[in-house]
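# What the coordinates show
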Amino acid sequence: MIVVLGMALLGALLGVRTARKRNGSGADLAQYAAGYGIAFALIGLVISLVLVRLV
C-alpha cells in the first residue's frame, strides 16, 4: 500500500513539474498531476503485487 501511494505522489509531482515546464495553466497542472499520478499508481500496484508474490 505504501508503494502505491508513494508512486502516486511521485507521479503527481512529476506531472505538475511537466505542466509548469510547458507553461500550463492551473487546470493543466491539475490534469497532468492526475494523469501522471494514476499512471504511476498503477505501476506501483504492479510493483507491490510482484513484491508480495516474491516474499
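Before reading further, recall that the structure is shown in the block above.
First things first, this report covers the structure right here in the doc. Residue positions are counted from 1 within each chain, in the order its sequence is given. Selection of residues for local features in this predicted model requires a pLDDT of at least 70, selection of side-chain atom pairs for listing and counting requires 80 or more, and totals for whole chains, interfaces and linings are taken over all residues. Think of the side-chain values as coming from all heavy atoms in the structure, minus any hydrogens and water.

### Some remarks on the packing of helix H1 (residues 2-21) against helix H2 (residues 26-54)
Counted only if it meets this: For every element, the axis is a line fit to its C-alpha atoms; helices are fit only across the contacting stretch, and the angle between N-to-C directions ranges from 0 to 180 degrees. Counting from the N terminus, the helices are DSSP H or I runs at least four residues long and the strands are E runs at least two residues long. In what follows, roughly perpendicular refers to angles from 65 to 115 degrees, roughly parallel to angles under 35, roughly antiparallel to angles over 145, and oblique to any angle outside these ranges. Left-handed describes a crossing whose near helix is turned anticlockwise from the far helix by less than a right angle; the clockwise case is right-handed. Any residue that is not Ala, Val, Leu, Ile, Met, Phe, Trp, Tyr, Cys, Pro, Asp, Glu, Lys or Arg is counted as polar, Gly included; the first ten are nonpolar and the last four charged.
Running from amino to carboxyl end, H1 crosses H2 at an angle of 150°, the nearest separation of the two axes being 6 Å. On the basis of their axis angle, the class for H1 and H2 is roughly antiparallel. Here the hand of the crossing between H1 and H2 comes out right-handed. For the contact of H1 with H2, the per-class residue count stands at 18 nonpolar, 6 polar and 2 charged.

### Quick look at the packing of aromatic side chains
In plain terms, the rule: What counts as a ring pair is set by centres within 6.5 Å for rings of Phe, Tyr and Trp (its six-membered ring), and what kind of pair is set by the plane angle: stacked under 30 degrees, edge-to-face over 60, tilted for all other angles.
Counted according to the given criterion, the structure contains 1 aromatic pair. Centre to centre, the rings of Tyr-32 and Tyr-36 are 6.1 Å apart; their planes meet at 35°, and the pair counts as tilted. With Tyr-32 and Tyr-36 both in helix H2, this residue pair falls 4 residues apart, about one helical turn.

### Focus on H1
This is how the line gets drawn: The span one expects for a helix is its residue count, reduced by one, times 1.5 Å. Note on classification: 1.4 Å probe, protein chains only; a residue is buried when its accessible area is under 20% of the maximum for its type, exposed when over 50%, partly exposed between these limits. Taken from the helix axis, the directions to the C-beta atoms give the arc we talk about. Any two residues whose heavy atoms approach within 4.5 Å are treated as being in contact.
With 20 residues, H1 should reach 28 Å at 1.5 Å per residue; the first-to-last C-alpha distance of 28 Å fits that figure. Buried residues of H1: Val-4, Met-7, Gly-11, Gly-15, Thr-18 and Ala-19, and no others. Looking down the long axis of H1, one finds its buried residues gathered within 105° of arc, a one-sided arrangement. Turned more than 90 degrees away from the buried face of H1 sit Ile-2, Leu-5, Leu-9, Leu-13, Arg-17, Arg-20 and Lys-21, all of them exposed. On its buried side, H1 packs onto H2. After H1 finishes, the residue Asn-23 shows a positive phi value of roughly 55°.

Shape descriptors only; they carry no functional weight alone.
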